[in-house]
Amino acid sequence: MKDEHNGMDTNADDFHELLRSLRVWDTELPTFVPEAAPGEPLPLFREWLVEAAAAGQPEPHTMHLATVDEAGRPDVRTLMLHDADERGWHFASHATSAKGRQLATHPEAALGFYWPAQGRQIRIRGRVVRGTAEEAYADLHARSTGALAAALVGRQSEVLTSYDELVRANEDAWSRASAEPESTAETWTVYVLEPSEVEFFQGDARRRHLRLRYRREGDCWARELLWP
């Protein structure tokens with residue numbers, strides 16, 4: 001099969017050989033001592049994200065968000081973390097988007113962070129609650145003009161009839177965001193995932209991966225190691 005984008009011939013054998021040749025964690029991995037981990041997951045999460053950024057991991061604040069639709073079918077996408085505090089892990093989107101509609105029906109979700117620069121990943125599960133309108137407004141205006149313009153375009157996940165339609169809507173939104181920086185997008189919503197489970201994974205070159213899971217038990221956190 002010929003790849004029309006770059007003129008290369010791609011067949012199944014070549015593809016499989018490529019997959020087998022790709023290296024994983026071709027770098028010196030940090031150590032992790034689970035016994036020295038804090039009693040709650042939030043401080044360790046913040047520490048790992050800061051260390052990922054210091055290690056040169058591109059966009060360490062990006063994460064995968066998994067939800068389910070009305071039929072129970074899973075869905076996943078990549079978006080940015082807006083905050084992580086005692087309430088939970090914060091992100092934002094339009095309430096009318098696919099993820100917004102899914103969370104309105106099934107307010108349970110999972111987050112995934114992966115930082116290959118250090119062979120680390122973090123998985124988080126819990127209930128998702130909506131923030132206030134004031135929080136949504138503050139979130140929207142703490143960001144760039146481009147972010148505000150994108151929010152003003154709206155219609156996320158709707159069918160687009162043509163790229164030209166998007167260009168026109170985007171240009172109108174940029175003009176409004178520049179002329180009226182206090183504008184707001186009514187459907188813009190802050191979401192907070194309240195964690196019930198947080199797992200920290202530290203990769204190991206000899207495949208003796210360390211997995212430390214925190215489980216909420218009432219007002220406390222239980223900690224346990226998992227087999228890799």
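Up top is the structure these notes are about.
My aim in this report is to walk through the structure given alongside it, one point at a time. (Residues numbered from 1 in each chain as written. Predicted model: local features only at pLDDT ≥ 70, side-chain atom pairs only at ≥ 80, totals over all residues. Heavy atoms only, no water.)

### Brief notes about the pattern of salt bridges
A complete count under the given rule lists 15 salt bridges for this structure. One salt bridge in this structure joins R155 and E165, with 3.4 Å as the shortest N-O distance. With R155 in the loop between α5 (145-153) and α6 (163-179) and E165 in helix α6, this residue pair connects regions lying 10 residues apart in the sequence. In this structure E165 comes out as partly exposed when scored by relative accessible area, which is 23%. We note a salt bridge from E180 to R176, for which the minimum N-O separation is 3.9 Å. Taken together, the shared-partner salt bridges in this structure form one network comprising R213, R215, E217 and E224. (Salt bridge = Lys/Arg side-chain N within 4 Å of Asp/Glu carboxyl O. Helix = DSSP H or I, 4+ residues; strand = E, 2+ residues; numbered from the N terminus. Buried < 20%, exposed > 50% of the residue type's maximum accessible area, 1.4 Å probe, protein only.)

### Points about the pairing of strand β7 (residues 188-202)
Across the 15 residues that make up β7, a large majority, 12, are buried. Alignment of strand β4 (residues 89-94) against β7, held across 6 bridges, turns out to be antiparallel. Paired with S93 across the strands is T189, a residue of β7. Here strand β6 (residues 120-130) runs beside β7; their pairing, made up of 11 bridges, is antiparallel. Bridged to R120 within β7 is Q202. (Pairing = 2+ DSSP bridges.)

### Remarks on the layout of surface pockets
Of the voids in this model, the largest pocket is the one considered here, and its volume is about 320 Å³. If you go around the largest pocket, you meet 15 residues; those closest to its centre are H94, R143, A150, Q156 and W188. Counting only elements with at least two residues in the lining of the largest pocket, the list comes to β2 (74-80), β4 and α5. Broken down by element, the lining of the largest pocket gets its largest block of residues, 4 residues, from α5. Across the lining of the largest pocket, the residue classes tally to 7 nonpolar, 6 polar and 2 charged. (1 Å grid on protein atoms, 1.4 Å probe; cavity = no way out; pocket = protein on both sides within 12 Å on 5 of 7 lines; lining within 4 Å. Points joined across faces, edges and corners; volume = space filled by probe spheres on them. Nonpolar A, V, L, I, M, F, W, Y, C, P; charged D, E, K, R; others polar.)

### Examining the nonpolar core
Across soluble globular proteins, nonpolar side chains have a tendency to be buried as a group. Grouped together as the largest cluster of nonpolar side chains are 30 residues, with contacts concentrated most on F45, W89, F113 and I122. At the level of secondary structure, the elements contributing two or more residues to this core comprise α2 (41-54), β1 (62-68), β4, β5 (108-115), β6, β7 and β8 (210-217). Look past the residues within four positions of F45 in its chain and what remains in contact with it is L81, A84, W89, F113, W115, I122 and F200. By size, the runner-up hydrophobic cluster in this structure holds 13 residues, among which are L140, L148, A151 and V192. (Core = buried A, V, L, I, M, F, W, Y, C linked by side-chain atoms within 4.5 Å. Contact = heavy atoms within 4.5 Å.)

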